[in-house]
Amino acid sequence: MWQGRAAAAFVIAPRAAALCAATLCGATLCVAAPSVAAEPGVADSAGAVVFANRCAVCHGPQAAGIPGSFPSLHEQVVAFAKIPEGRDYLVMVVTTGLMGHLKVGGISYDGVMPAQSGLTEAEVAGVLSYLASDLGKNEPGTVALSAADVTDARARHADRSAQATRALRPATDP
């Protein structure tokens, strides 16, 4: 009897681990908005905490992703944060999730990113700003997002579904 239960646990455990990782990843996506805090570095550190607690589960601690499973966030977030439609897309990805075919850096992905609905506008702005700054490096041309930017983007896109968000993606493959 014990052997049957132990064997079942080994079969179920990888599936449970994968489901847990997917759930955490979905619950973790983050978006940033310009100037979340008055002090330089405070928004980046708050965004770094959100990233570490939510996004890194799937996208890795350096946001490099796992090719074929979870996309890298480096080039796409930095590039999209520089254009208004890209910022809207990033905000909506974090707040509504994303599903379907996606090509990033020449690699195709077919999956689901769960909405990070538990995040405040300031947290979404912080994490997106952190990612847009190349993980806090604040390179020249870095665009930060604010909580007001997040609120405005959500108001512009009333259809808050993952499918509608997919259609917002700028036609570029950074």
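The rules behind the values
Within any chain, residue numbers begin from 1 and follow the written order of that chain's sequence. The model is predicted, so local features are restricted to residues of pLDDT at least 70 and side-chain atom pairs to those at 80 or more, both for listing and for counting; the totals for chains, interfaces and linings are taken over all residues. With hydrogens and water set aside, each side-chain value is computed from the structure's full complement of heavy atoms. Secondary structure elements follow DSSP: runs of H or I of four or more residues count as helices, runs of E of two or more count as strands, with numbering from the N terminus. Buried means the residue's accessible area, taken with a 1.4 Å probe over protein chains only, is under 20% of the maximum for its type, while exposed means over 50%, and partly exposed covers the values in between. Residue-level accessible areas treat just the shown protein chains as cover; the underlying method is Shrake-Rupley with a 1.4 Å probe. Each reported salt bridge corresponds to a side-chain nitrogen of Lys or Arg within 4 Å of a carboxyl oxygen of Asp or Glu. Starting at the helix axis, one direction is taken to each C-beta atom, and the arc is that of these directions. Residue contacts follow a heavy-atom distance rule, with two residues in contact if any of their heavy atoms lie within 4.5 Å. One confidence number per residue, pLDDT, is output by the predictor and ranges from 0 to 100. Only Phe, Tyr and Trp rings are paired, with Trp represented by its six-membered ring, and only when their centres lie within 6.5 Å; those with planes under 30 degrees apart are stacked, over 60 edge-to-face, the remainder tilted. At least two bridges found by DSSP between two strands are what make those strands a pair. As a rule, the C-alpha atoms of each element are fitted with a line to give its axis, helices using only the stretch in contact, and angles between N-to-C directions run from 0 to 180 degrees. With respect to orientation, any angle under 35 degrees is reported as roughly parallel, any angle over 145 as roughly antiparallel, any angle of 65 to 115 as roughly perpendicular, and every other angle as oblique. Polar here means any residue outside two lists: the nonpolar Ala, Val, Leu, Ile, Met, Phe, Trp, Tyr, Cys and Pro, and the charged Asp, Glu, Lys and Arg; Gly therefore counts as polar.

1. Section: the overall build of the chain
Here is step 1: Across its full length, the chain holds seven helices and two strands.
Here is step 2: Expressed as a percentage of the 174 residues in the chain, the buried residues total 39%.
Here is step 3: Accessible surface, the chain as shown: approximately 8,800 Å² in total, 62% of it carbon and sulfur.

2. A closer look at the pattern of salt bridges
Here is step 1: In this structure the tally under the stated criterion is three salt bridges.
Here is step 2: Residue Asp88 pairs with Arg156 through a salt bridge whose shortest N-O separation is 2.7 Å. With a gap of 68 residues between them, Asp88 in helix H4 (residues 84-96) and Arg156 in helix H6 (residues 147-156) connect regions that are remote in the sequence.
Here is step 3: Relative accessible area serves as the criterion here: at 10%, Asp88 is assigned to the buried category.
Here is step 4: Residues Asp134 and Lys137 are paired through a salt bridge, measuring 3.7 Å at the closest nitrogen-oxygen approach.
Here is step 5: Here Lys137 falls in the exposed class, since its relative accessible area comes to 54%.

3. A word on helix H3 (residues 74-81)
Here is step 1: Of the positions making up H3, those classed as buried are Gln76, Val77, Phe80 and Ala81. Each buried residue of H3 lies within a common arc of 115 degrees when the element is viewed along its axis, so the set occupies one face.
Here is step 2: Packing partners of the buried residues in H3 comprise H4, strand S1 (98-104) and helix H5 (121-132).

4. Topic: the confidence of the model for the chain
Here is step 1: Mean pLDDT over the chain stands at 78; residues scoring 70 or higher make up 73%.
Here is step 2: Below a pLDDT of 50 lies the segment residues 1-42, which in the model reaches 94 contacts outside its immediate sequence neighbourhood of four places, other chains included.

5. Digging into the packing of aromatic side chains
Each pair of aromatic rings is reported with the distance of its centres and the angle of its planes.
Here is step 1: Counted by the stated rule, this structure contains two aromatic pairs.
Here is step 2: Judged by centre distance (5.9 Å) and plane angle (50 degrees), the rings of Phe51 and Tyr130 are tilted. Of the two residues, Phe51 sits in helix H2 (residues 42-59) while Tyr130 sits in helix H5, which places them 79 residues apart along the sequence.
Here is step 3: The class of Phe51 is buried, set by a relative accessible area of 2%.
Here is step 4: An angle of 90 degrees between the planes, with centres 5.5 Å apart, marks the rings of Phe80 and Tyr89 as edge-to-face. Comparing Phe80 with Tyr89, the two get one shared label, buried.

6. Here we look at the pairing of S1
Here is step 1: Examined bridge by bridge, S1 and strand S2 (residues 107-113) share seven bridges and lie antiparallel to one another. Its bridge partner being in S2, Gly100 is matched across the sheet by Gly111.
Here is step 2: Where S1 hands over to S2, the hairpin turn is made up of two residues, of which Gly105 adopts a positive phi near 60 degrees.

7. Here's the deal with the packing of H4 against H6
Here is step 1: Where H4 contacts H6, the two axes come as close as 9 Å, and the packing angle between them is 85 degrees. Looking at the two axes, H4 sits roughly perpendicular to H6. In contact with Asp88, Val91, Met92 and Thr95 of H4, H6 contributes Val150, Ala153, Arg154 and Arg156.
Here is step 2: Here the residues of the contact of H4 with H6 sort into four nonpolar, one polar and three charged.

8. Details of the packing of H3 against H4
Here is step 1: Remark: H3 packs on H4, axes separated minimally by 6 Å, with the N-to-C direction vectors making an angle of 125 degrees. In terms of axis orientation, H3 runs oblique to H4. Here Val77, Phe80 and Ala81 of H3 come into contact with H4, specifically with Gly86, Arg87, Tyr89 and Leu90.
Here is step 2: Its residues placed into classes, the contact of H3 with H4 shows five nonpolar, one polar and one charged.

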